[in-house]
Amino acid sequence: MAEIRQEQIVFGVALALVGALVLTRDAPPRPSRDRGAEAPDLVRFTSPDVASASLARGADDLRRALFSPPRDTRPLDPLGFQPPPLPPLRALAPAGPVGPSPRVYSRLLPTYPVVTEVEGLFDVSVDEFEPDGFSGGFGESSFGGDLDDETLGQLAQLGYLDVPGKGVVEKIESQFLDAEERRLREQTYMSLYDWIRRDGGADLQFGRIENEYPYGLRDADRRSEPIQFVEYEADRGVPRFPGSPPIEYERERLTDFQLARNDTNDLHQRFHDLPEQPTPASVEPMLALGADCIDLRLEVDGALEMAEDVYTRLAGFLTEDPRAGLGLARVFEAGFEFERAFEQYEALMERFGHRAEVRVGLARLEARFRLFDEAEARLRSAVAVERGSWLGHAALGSFLLERGDLVGAREALANAFTRLPQDPRLASERLRVRLDYGAVLVALGEVSTATEVYGDAWRADPESQEALAGLASCALLGNDEARLSLPDWLLDGDANLAEGFESLGFDLLLAGGLLAAEAGDLERALGDLAAALEADPLRVAEASCALSWVAERAGDRDESLNFAEMALSADPENVWALYQRGRLLLERFDTLEAAATFRRALELESDLEDALVGLGIADWREGNTGAAELYFERAMLLADERLARVALGADVAHLGADPRADVLGLRGINLLELGAFLRARDTFNAALAASPSDPVALGGRAWTIYRLGDVEEALIQLRSIDDALRARPEDDPVRVWSRERLAALAEHVAKDVWSDGFEYSTVGNGWRRKESAGPTAALRGGTLVLSGNFKTPSGEATFYRDYAASEFIAIEASIKVSADSNARAGIFVSREQGEGARRRVQAYAGVARSRDGVGQIKTEVPGISQTDWRDLSAQDFPFPADQWVRLRIERSGEGADTVVTIFMDGIPVLEDVPMTNLARGNSPLLIGLFAEGDTGRRVEVSMDDVEIVRIHGT
């Protein structure tokens, strides 16, 4: 009879069901029971996790056709996935002196550092950093050290020291310096020393004017007072005639004299020159002097007292102007007399409450006492009372910038920027607004606009280091216009060419170091950053972040981690340092500590895309694939938002257009291990759409195709990876991985598992037995039992199958030995020749329970290695009676590399024992159950769930 197709049977059954439904459609409804007013009992059930219920099932699980007979062979369980070499988690470059907010780090700072190993670069610890210790850069000293005796002798022989009345350095310089260089030297000395010029003399004499209160020497009543002068050796800073009293110079003998040009003399001289009573012409100079005294209060003794005197005088004169009262309040604040400061502001509010500057001053004092809500309300009221004034908007913007409200700060500072006054006297205020506005633009990632603002600020004030540092920060963020605007000396690291700057501050030194690191000049970078650390030790966190980056660029990851941790010790909420530390720990496979660091970074900035990726990798490594998927998903959502901004023209294309193929690849790997093969395939395809040659996506897609059932296509895909990368070396990690996976998969699919659960009534199914020693084999309740008493000395009973040597891979079975057995029983693999007395064992491996109740193993290769049965630790590998124990003997390798591993309950008890003869020769392998014992001993051993792994086609 022709075979009936299963589709026809299914159709017939379905048709019968439909007919039954039609016939019963008109039947009267069944009466329902009257439940009365009883409320139904509601039972809560836990809903199943649909997403994970079927994810782990392979395609092979559904391959068996309906009504097909069961088979005793099946493919091996899917080969375990080994991910291809994964790229390192991408780095974030350190921000410059003006940096973006952590929210836009992943948009503006992503990079993969190029390592340029510099031997011994960090042999000096950070505590020993001295700018003069590094070559090049702004940190290199331009002055020589003391001259040794040999050098002085050589100079004397050349006649360079033969200038009477001069110090050593002056003598040398007088021979070599040109007129301009001598003029610059003289200007330097004039800032350090008082000086006089004698009548008829061409040169200045430097030293110290000893007259009492020298600031009044030009007063009319002191014009005839002699100048008491102590001359110094300017190059050494010591009196020329130590111990001698000051020399008195009559005014007639002097052409000119002057005190040293420093802040102390400047403030005191300006204060002395003020009129007793303010006049309209003296108001602005007095206000300027008061402000300077407050600013220089830490450098100049008595500065605050002078400021209070100045503002007190002005307060009585400027009755309709709050500036003097505001200055007085600032004096009280600077002197920590806060009660007087509040009283002063309250008085000003009563009289000048309609003026924005009064409200701004009081708000700043409230903010100083952390009364932030009151301060913000006060600043908003300042904007309201003078909406057209720049001052309220600028103060509000600066306050919001410090508080982290970047959007509000941008709006307020933009309003201030459009209302900036053109009064030359307010140049410093205009500069401050521009600098704050540029800072908030950089923080929001609007680098192009920030470049314009900083460029305007620097052109308006070429001596502003902050403006130039802001421009350098924009250059470090990838803005080409900003880079073209930078002076050559900043790019080249030559501080001697820094026109307009007496010395470089922290911001420019930091920018110079980062620019040098970007250019690959790591020694100069280190020198600049060491100089920055010396310039402002309180900003050690920023300097340490940059030093961590330089150390990583130099290939010293240990030092890089140390600097990152140093930054965190100074600023525990430094998000960049947290990410840097987490990334470096992840590279060290310190996964748990890395995850904790990434979590801390995400607590501070939840939208830090790269920290989400790092945390996803950490969870994936720990096997938390579900949590890892959530992190990867969130990271990709942020990446998609960034791409949307680029598409709308709202972002910098070359910085924001990265579609994160690396994250897609990682997410696909995680989904593959999660068992979501269809989603993994789609994710890998998306990664390849973004980066067609991405090796992780190529390898992951090939493996996903295999898990979805298309083995041939998977093999083709794996082979194509190696072909596509032929330009790389043979030992390239990705090429090695693809070849190894290709070989492993080809070998794996060539195998199947033959199983026997003994679900039949008589012994058969290809099994053979040797029962001449006494025990016999029989089936009892779906289990093979070998039992009985031995009739011969050293008798052996076996229940076995035979395979070709090249065919066998492994045998695995559940074994139970009864408690009354006093013989050895277990499983074995043996290659033998001959029968009976002529039997020769060529290779043997076995695992059994001894008659004493302990586990034993044995391997034998005549002529190479031969061992008797060896006991296993009863504590580590128990073999209890009357309990099932799972045993396995597995062969791996080919030819001379053949080795055997023995397992007990899934734990290897003997690994990789060489057994070359097991895979050689034409004689078959005997595989199965055995029992052996002396005459009269009894054995009862059961075997079930046998699985034999073999090569296809046998």
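Reading the values: rules and limits
Residues numbered from 1 in each chain as written. Predicted model: local features only at pLDDT ≥ 70, side-chain atom pairs only at ≥ 80, totals over all residues. Heavy atoms only, no water. Helix = DSSP H or I, 4+ residues; strand = E, 2+ residues; numbered from the N terminus. Buried < 20%, exposed > 50% of the residue type's maximum accessible area, 1.4 Å probe, protein only. Contact = heavy atoms within 4.5 Å. Expected span 1.5 Å × (residues − 1). Pairing = 2+ DSSP bridges. Phe/Tyr/Trp six-rings, centres within 6.5 Å; stacked < 30°, edge-to-face > 60°. Axes fitted to C-alpha atoms, helices over the stretch in contact; angles between N-to-C directions. Parallel < 35°, antiparallel > 145°, perpendicular 65-115°, else oblique. Left-handed = near helix turned anticlockwise from the far one by under 90°. Nonpolar A, V, L, I, M, F, W, Y, C, P; charged D, E, K, R; others polar. Polar contact = N/O pair within 3.5 Å; in protein donor to acceptor, adjacent residues only side chain to side chain. pLDDT = per-residue confidence, 0-100. Salt bridge = Lys/Arg side-chain N within 4 Å of Asp/Glu carboxyl O.

An unreviewed UniProt entry lists the chain under the name Cellulose synthase subunit BcsC, with Engelhardtia mirabilis given as the organism.

A. Quick peek at the overall build of the chain. Scanning the chain from terminus to terminus reveals 34 helices and 25 strands. Counting all 954 residues of the chain, 47% fall into the buried class. Long-range pairs, those at least 24 residues apart, make up 61% of the contacts in the chain with a sequence separation of at least 6.

B. The arrangement of helix α16 (residues 427-443) in detail. Look at α16: 24 Å from first C-alpha to last across 17 residues, which is about the 24 Å you get at 1.5 Å a residue. Counting buried positions along α16 gives 13 out of 17 residues, so the element sits mostly inside the fold. One or two positions beyond α16, positive phi appears at Gly445, with a value near 90°.

C. How the structure looks around the pairing of strand β10 (residues 751-756). Counting buried residues in β10 gives five out of six residues, a clear majority hidden from the surface. Pairing of strand β1 (residues 73-75) with β10, which is carried by three bridges, proceeds in the antiparallel orientation. By the bridge assignment for β10, Thr73 is matched with Trp754. By the bridge criterion, six bridges tie β10 to strand β25 (residues 938-951) in an arrangement that is antiparallel. Its bridge partner lying in β25, Asp756 is registered against Val946.

D. Broad picture of helix α17 (residues 447-460). In this model α17 runs 20 Å from its N-terminal to its C-terminal C-alpha over 14 residues, within 8% of the 20 Å that 1.5 Å per residue would give. Along α17, the residues that are buried comprise Val447, Ala450, Thr451, Val453, Tyr454, Gly455, Ala457 and Trp458. Next to the buried residues of α17 lie α3 (105-108), α15 (406-418), α16, α18 (465-476) and α19 (480-485).

E. Expanded view of the packing of aromatic side chains. By the definition in use, this model includes 22 aromatic pairs. Ring centres 6.4 Å apart and planes at 55° place the aromatic pair Tyr193 and Phe206 in the tilted group. Of the two residues, Tyr193 is situated in the loop between α6 (179-192) and β4 (194-198) and Phe206 in strand β5 (residues 205-209); the sequence distance between them amounts to 13 residues. The class for Tyr193 is buried, based on a relative accessible area of 10%. The class for Phe206 is buried, based on a relative accessible area of 8%. For the ring pair Phe342 and Phe369, a centre distance of 5.6 Å and an interplane angle of 55° mean the geometry is tilted. Separated by 27 residues along the polypeptide, Phe342 in helix α11 (residues 338-352) and Phe369 in the loop between α12 (356-368) and α13 (372-385) bring together distant segments of the chain.

F. Just the packing of helix α23 (residues 540-553) against helix α25 (residues 575-587), in detail. As a packed pair, α23 and α25 sit with axes 10 Å apart at the nearest point and diverge in direction by 30°. The orientation of α23 with respect to α25, classified from their angle, is roughly parallel. As α23 runs across α25, the sense of the crossing is left-handed. Of the residues in α25, those touching α23 at Cys545, Ser548, Trp549 and Glu552 are Trp576, Ala577, Gln580, Arg583 and Leu584. Split by residue class, the contact of α23 with α25 holds five nonpolar, two polar and two charged.

G. How the structure looks around the side chain of Gln580. Mapped onto the secondary structure, Gln580 falls in helix α25. Among the polar contacts listed, one links the side chain of Gln580 to the side chain of Ser548, at a separation of 3.2 Å. Among the polar contacts listed, one links the side chain of Gln580 to the side chain of Arg583, at a separation of 2.7 Å. Ignoring sequence-local partners within four residues, the contact set of Gln580 consists of Ser548, Glu552, Ser560 and Ala564.

H. View of the pairing of β5. Most of β5 sits out of view: four of its five residues are buried. Note that β4 and β5 share three bridges and pair antiparallel. Counted as the bridge partner of Trp195 is Phe206 from β5. Relative to strand β6 (residues 227-233), β5 runs antiparallel, the two being bridged by three bridges. Within the sheet, the bridge partner assigned to Arg208 lies in β6 and is Val230.

I. Fine view of the confidence of the model for the chain. Summarising the model, the chain shows a mean pLDDT of 84, and 84% of its residues fall at 70 or more. Counted against residues more than four places away or in other chains, residues 49-63, with its pLDDT under 50, gives 13 contacts. Segment residues 158-166: pLDDT under 50, and 17 contacts once partners within four positions in sequence are set aside and those in other chains are kept.

J. Focus on the pattern of salt bridges. A complete count under the given rule lists 66 salt bridges for this structure. A salt bridge links Glu812 to Arg888, with the shortest nitrogen-to-oxygen separation between them at 2.7 Å. Here Glu812, found in strand β15 (residues 808-817), pairs with Arg888, found in strand β21 (residues 885-892); they are 76 residues apart in sequence, far enough to count as distant. Two residues, Asp820 and Arg938, come together in a salt bridge whose shortest N-O distance is 3.7 Å.

K. How the structure looks around the environment of Asp752. Structurally, Asp752 can be placed in strand β10. For the pair Asp752 and Val949, spaced 197 residues apart in sequence, the C-alpha separation works out to 5.8 Å. Apart from residues lying up to four places away in sequence, Asp752 is in contact with Thr73, Arg74, Pro75, Leu76, Ile948, Val949, Arg950 and His952.

L. Spotlight on the packing of α25 against helix α26 (residues 591-604). Remark: α25 packs on α26, axes separated minimally by 8 Å, with the N-to-C direction vectors making an angle of 160°. The angle between α25 and α26 falls in the class roughly antiparallel. Crossing hand, α25 versus α26: left-handed. Across the interface between the two elements, Val575, Leu578, Tyr579, Arg581, Gly582, Arg583, Leu585 and Leu586 of α25 pack against Glu593, Ala594, Thr597, Phe598, Arg600, Ala601 and Leu604 of α26. The residue inventory of the contact of α25 with α26, partitioned by class, reads nine nonpolar, two polar and four charged.

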